[in-house]
There are 2 protein chains.
Amino acid sequence: MASTSNLPEGVAAAAFPDGTKDYKPLRSTKQDIKKPHISEFPITWDNWYKHVNWLNTTLIIFIPLAGFVAAYWTPLQLKTAIFAFVFYFNAGLGITAGHHRLWAHSSFKARTILKVYLAAMGAAAVEGSIRWWSRDHRAHHRYTDTEKDPYSVRKGLLYSHIGWMVMKQNPKRIGRTDISDLNDDAIVVWQHKHYLKCVITMALVFPTIFCGLGWGDWWGGFIYGGILRIFVVQQATFCVNSLAHWLGEQPFDDRNSPRDHVITALVTLGEGYHNFHHEFPSDYRNAIQWWQYDPTKWSIWIWKQLGLAYDLKQFRQNEIEKGRLQQIQKKLDQKRATLDWGTPLDQLPVIHWDDFVAESKNGKALVAIAGVIHDVTDFIKDHPGGKALISSAIGKDATAIFNGGVYNHSNAAHNLLSTMRVGVLRGGCEVEIWKRAQMENKDVSYVND
Amino acid sequence: MASTSNLPEGVAAAAFPDGTKDYKPLRSTKQDIKKPHISEFPITWDNWYKHVNWLNTTLIIFIPLAGFVAAYWTPLQLKTAIFAFVFYFNAGLGITAGHHRLWAHSSFKARTILKVYLAAMGAAAVEGSIRWWSRDHRAHHRYTDTEKDPYSVRKGLLYSHIGWMVMKQNPKRIGRTDISDLNDDAIVVWQHKHYLKCVITMALVFPTIFCGLGWGDWWGGFIYGGILRIFVVQQATFCVNSLAHWLGEQPFDDRNSPRDHVITALVTLGEGYHNFHHEFPSDYRNAIQWWQYDPTKWSIWIWKQLGLAYDLKQFRQNEIEKGRLQQIQKKLDQKRATLDWGTPLDQLPVIHWDDFVAESKNGKALVAIAGVIHDVTDFIKDHPGGKALISSAIGKDATAIFNGGVYNHSNAAHNLLSTMRVGVLRGGCEVEIWKRAQMENKDVSYVND
Ligand code: HEM
Ligand code: HEM
Ligand SMILES: [Fe+2]
Ligand SMILES: [Fe+2]
Ligand SMILES: [Fe+2]
Ligand SMILES: [Fe+2]
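Within every chain, residues take consecutive numbers counted from 1 along the sequence as written. Lettering for chains starts from A, numbering for ligands starts from 1, and both go in the order in which the items are written. With the structure being a predicted model, the display of local features is reserved for residues of pLDDT at least 70 and the display and counting of side-chain atom pairs for 80 or more, all residues being used for whole-chain, interface and lining totals. Based on all heavy atoms of the structure, the side-chain values leave hydrogens and waters out of the count.

Regarding the packing of aromatic side chains
Right, so step 1: Aromatic pairs are defined between Phe, Tyr and Trp rings, using the six-membered ring for Trp, whenever the two ring centres lie within 6.5 Å; interplanar angles under 30 degrees are classed as stacked, those over 60 as edge-to-face, and all others as tilted. Counted by the stated rule, this structure contains 44 aromatic pairs over all chains.
Right, so step 2: Each ring, one from F210(B) and one from W215(B), has its centre 6.0 Å from the other, and the planes form 80°; the classification is edge-to-face.
Right, so step 3: Ring pairing ties together the aromatic residues F83(A), F87(A), F206(A), F210(A) and W215(A), which thus form one cluster.
Right, so step 4: In this analysis the charged atom, NZ for Lys or CZ for Arg, is taken to sit over a ring once it is within 6 Å of the ring centre and within 35 degrees of the ring normal. Sitting over the face of the ring of F87(A), R229(A) holds its NZ or CZ atom 4.1 Å from the ring centroid.

Listed below in structure tokens is the structure:
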């Protein structure tokens with residue numbers, strides 16, 4: 001396929017129309033792609049253990065459990081507690097600012113030193129390599145809520161939180177995405193190739209040595225700064241896949257599951273404005289209001305001031321307001337459809353002026369306003385302007401009277417009026433003819449007062 | 001004028017088209033209507049005291065001031081305090097449920113005993129007779145914010161609060177309204193004729209005797225139960241004319257000044273949902289949500305349960321929701337007009353398919369979507385789906401690709417796209433012809449890949 005633009009050959013998607021390439025594992029894999037995957041078989045008493053992804057289950061459930069047990073015998077020192085908290089925050093940023101906003105969404109650019117820091121902290125969070133994480137995450141954005149979404153909330157809140165990791169997934173099911181930019185990023189490729197070493201060093205060895213050499217608390221560093229801190233970071237960031245698709249408002253789009261909620265934001269270092277994020281994924285912000293909690297955004301902004309980050313992407317406020325406006329409009333239209341707006345004009349009988357006048361004299365309280373005849377019989381006693389005024393308009397054209405001649409009726413009065421429609425005047429000009437005739441003092445047969 | 005309906009002759013408005021009769025004072029008046037009124041002269045150092053309505057000023061400013069001074073020597077007993085508070089509440093109801101909702105707006109009907117109670121309590125509030133009060137109030141509704149509004153907030157917050165009473169007003173300026181129903185109400189007419197006696201008895205004598213006979217606190221009854229209680233009731237209910245036209249939201253109509261605010265509601269026994277009230281004046285409620293503070297509504301409702309009130313008027317929820325919806329729609333349309341929605345299609349140049357393809361090959365990144373040509377040159381590097389995919393669509397018709405063929409773009413993406421419009425395709429069917437030709441494997445000259 002010839003390049004259709006002046007861009008370098010390399011960036012054109014080869015596999016048009018799908019536009020993506022298969023995710024080729026950089027390391028060899030033992031899995032035989034021809035054999036049906038275990039997830040294609042129903043779970044039974046005999047095979048359930050084959051469905052479980054034991055490696056992931058160990059990493060996100062068994063080890064934390066063991067950590068809780070060990071904590072029973074390990075006193076928590078204040079310094080270690082403070083270290084663990086600061087480290088939790090940094091590891092969290094590794095995921096939110098690094099894996100997520102920098103690599104998965106390219107929402108800003110970072111100097112090498114910042115990239116190394118983010119990759120190291122991302123490893124300390126123990127949530128998979130940048131490459132693996134971003135591939136899944138891009139699939140999640142592109143195929144949100146569908147079968148191809150790796151952590152679709154449509155399969156349940158628990159599934160989107162950890163089920164998708166604890167149970168084996170068919171890799172072929174997950175939507176394909178283009179990660180050629182990540183394959184070109186040396187740090188990403190290096191972290192992916194040496195992932196296990198990175199994790200052990202950053203998540204466990206580093207906190208142990210830091211607290212050990214710092215204030216002699218080797219065990220505390222390992223248990224609190226390592227294992228339990230990992231658990232907290234993991235559970236917190238997993239909430240972006242579960243809570244952020246389940247709790248809150250949908251100010252920009254309600255066709256899919258992402259939602260905005262301050263609680264999710266508090267838990268996830270600011271990733272809680274997820275409806276916004278799915279709509280504007282390459283915006284470096286998740287919260288757009290200054291008073292909303294988005295420390296990830298604040299960190300990126302500070303890095304920019306320090307010269308470590310640049311090219312922060314931001315959607316125009318105009319586009320954001322357009323999205324918000326259209327969503328309100330959509331809700332409004334839905335609401336409008338549930339209300340009674342009176343019989344449409346084209347479904348009303350056409351009535352002759354003479355018949356209108358005659359019927360008005362026969363006990364029906366009819367009033368003509370703007371060419372439409374209204375039956376106000378039941379309303380006279382409720383008229384806020386009193387019985388006398390409304391009665392004086394019966395059998396007449398009260399258009400001008402209603403619209404300011406006597407009283408400029410409110411919107412509410414116009415709405416109410418439309419529910420009283422019973423017919424439209426034939427021709428529609430009789431009123432004008434009659435008025436002109438009166439003015440010219442001619443004899444008009446149907447004058448009734 | 002012959003009656004145009006089957007209503008009793010009496011209720012037809014005689015003075016069509018204005019529909020109202022002059023306010024004829026029931027008692028003789030000394031004022032000479034031919035002499036110009038003092039309010040028609042500018043205020044000067046020489047005549048300022050002639051501008052002041054000394055009677056009103058005494059009633060609403062001097063007497064309360066004297067009361068505050070006297071309170072210094074009058075110890076406040078608990079029983080008197082409780083009595084004064086309960087009396088304040090009842091006198092307040094006299095205005096809000098009696099003068100306002102029952103008589104001025106006929107929003108419900110009351111048995112004689114309830115009417116007598118409300119007329120008595122209304123007198124205890126010292127805010128003018130029901131007849132005078134309702135006439136002004138109807139003018140206020142009918143001519144809101146205009147010159148004919150007796151307490152138009154357009155003349156300043158202080159004017160709408162007490163200025164209109166403290167300074168002499170030209171009675172001819174105030175809009176005329178129909179109060180024939182009040183002239184037919186024996187209690188209203190009686191209270192009007194004997195207004196001064198009613199006030200002295202109810203506002204001063206009654207609390208003095210009550211506290212005196214009850215627990216020997218004659219002075220306390222007079223000062224706290226009488227004078228200062230009057231002051232509080234007056235200032236509180238005056239807020240309906242000032243605060244309620246100044247503070248809060250306008251969920252139903254923003255053409256005039258009335259506003260909804262909980263603070264006003266708290267001060268005025270529930271009259272704070274004033275935007276609603278001006279739109280639906282004959283609704284016996286001011287607050288329509290159960291959790292909003294409207295003790296006047298609650299009282300009317302309880303009287304109904306006791307058989308003392310009946311025919312409580314209420315606008316249909318449908319009409320209320322319509323009003324609210326239209327107001328939101330109005331705000332939305334105003335907002336919409338301030339946003340950039342891209343060049344309107346009819347202002348775009350019409351471009352030939354061949355020229356579009358040619359230009360795309362000459363370095364301009366043009367993409368055709370839905371018959372419109374878009375220049376995405378500056379956007380390629382920012383595309384959240386990556387450079388490769390968007391580049392692969394250059395010089396092509398990407399309608400299907402953009403709308404789900406590769407990725408079903410969000411609303412935000414559609415909005416953004418519209419800001420990139422540069423032309424429309426001539427004819428508009430070329431795309432279809434080209435596609436059909438390709439399918440049929442015919443040779444088409446402008447195939448470019
Ligand atoms: C024919 C159907 C009519 C309907 C449905 C109607 C409805 C209403 C409503 C809902 C109000 C409350 C205030 C507002 O919403 O603006 C009102 C007030 C009023 N109407 Fe009508 N009206 C009708 C006819 C008339 C006519 C023919 C006249 C005069 C000849 C009239 C004179 C007034 C006046 C003077 C008020 C002001 C009352 C006040 O705010 O205190 N109305 N009307
Ligand atoms: C021509 C103008 C285009 C504009 C203005 C545009 C705009 C956008 C925007 C704003 C997003 C963010 C997600 C969303 O809002 O839905 C997005 C995502 C995406 N776009 Fe485009 N796009 C264009 C063309 C294309 C083309 C031609 C393709 C494919 C050939 C494409 C493929 C994608 C994909 C796969 C994503 C998903 C990325 C993700 O959510 O992670 N786009 N695009
Ligand atoms: Fe998501
Ligand atoms: Fe994301
Ligand atoms: Fe008002
Ligand atoms: Fe009112």
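A look at the confidence of the model for chain A
All names here are of chain A.
Right, so step 1: A residue's pLDDT is simply how confident the predictor is in it, with values from 0 to 100. The share of residues in chain A with pLDDT of 70 or more is 88%, and the mean pLDDT across the chain is 87.
Right, so step 2: Here, two residues are considered to be in contact whenever any of their heavy atoms come within 4.5 Å of each other. Taken together, the stretch residues 1-19 has pLDDT below 50 and engages in 34 contacts with residues farther than four places along the chain or on a different chain.
Right, so step 3: Counted against residues more than four places away or in other chains, residues 441-449, with its pLDDT under 50, gives 16 contacts.
Right, so step 4: At the level of chain-chain contacts, confidence expressed as ipTM amounts to 0.78, with global pTM at 0.79.

Quick notes on the sheet that holds strand β5 (residues 372-375) of chain B
Residues and elements named next belong to chain B.
Right, so step 1: For two strands to count as paired, DSSP must find a minimum of two bridges between them. By definition, any uninterrupted DSSP run of H or I lasting at least four residues is a helix, any uninterrupted run of E lasting at least two residues is a strand, and each is numbered from the N terminus. With mixed pairing, the 4 strands of this open sheet are ordered in space as β3-β6-β5-β4. Lying at the two open borders of the sheet, with one neighbouring strand each, are β3 (350-351) and β4 (366-369).
Right, so step 2: In this sheet, strand β6 (residues 421-425) lies alongside β3 in parallel orientation, the contact comprising 2 bridges. Bridged to I351 within β6 is L425.

Observations regarding the coordination of the iron atom of ligand 2
Residues and elements named next belong to chain B.
Right, so step 1: Protein ligation of the iron atom of ligand 2 involves H383 (NE2) and H409 (NE2), the donor distances falling in the range 1.9 to 2.0 Å.
Right, so step 2: With water omitted from the atoms examined, metal sites may look incomplete; donors here are N, O and S atoms no farther than 2.8 Å from the metal, or 3.2 Å in the case of Na, K and Ca. Site shape is set this way: if four donors have all angles between 85 and 135 degrees, tetrahedral; if opposite donors are over 155 degrees apart and all others between 65 and 115, square planar for four donors and octahedral for six; otherwise irregular. Between the 6 donor atoms coordinating the iron atom of ligand 2, the angles at the centre fall across 88 to 179°, so the site counts as octahedral. Taken together, the residues H383 in the loop between β5 and α16 (387-391) and H409 in the loop between α17 (399-402) and α18 (411-418) connect sequence positions 26 residues apart.
Right, so step 3: Each residue is assigned to one of three classes by its accessible area relative to the maximum for its type, calculated with a 1.4 Å probe on protein chains only: buried under 20%, partly exposed between the two thresholds, exposed over 50%. The exposure class of H383 is buried, given its relative accessible area of 14%.
Right, so step 4: Residue class for H409 comes out buried when judged on its relative accessible area of 16%.

Some points on the environment of A309(A)
Residue and element names in this part refer to chain A.
Right, so step 1: Counting through the fold element by element, A309 comes out in strand β2 (residues 309-310).
Right, so step 2: For A309, a relative accessible area of 4% translates into the label buried.
Right, so step 3: A C-alpha to C-alpha distance of 9.7 Å links A309 and T112, two positions 197 residues apart in sequence.
Right, so step 4: Those residues in contact with A309 that sit more than four places away from it in its chain are F108, K109, A110, L114, I300, W303 and K304.

Brief notes about the sheet that holds strand β6 (residues 421-425) of chain A
Residue and element names in this part refer to chain A.
Right, so step 1: In spatial order, the strands read β3-β6-β5-β4; together these 4 strands make up an open sheet with mixed pairing. At either margin of the open sheet sits one strand with a lone partner, and together these are β3 (350-351) and β4 (366-369).
Right, so step 2: Inter-axis angles, ranging from 0 to 180 degrees, are taken between N-to-C directions of lines fitted to C-alpha atoms, where helices are fitted over the stretch in contact. Along the sheet, helix α15 (residues 353-361) contacts β3, β4, β5 (372-375) and β6; its crossing angle with β4, the most-contacted strand, is approximately 145°.

Describing helix α4 (residues 112-124) of chain A
All names here are of chain A.
Right, so step 1: A helix is expected to reach a length of 1.5 Å times the quantity of its residues less one. Counted at 1.5 Å a residue, the expected span for α4 with its 13 residues is 18 Å, and the 18 Å between its end C-alpha atoms agrees.
Right, so step 2: Taken together, the buried positions of α4 are occupied by L114, K115, L118, A119, M121, G122, A123 and A124.
Right, so step 3: V126 lies just past α4 and shows a positive phi near 55°.

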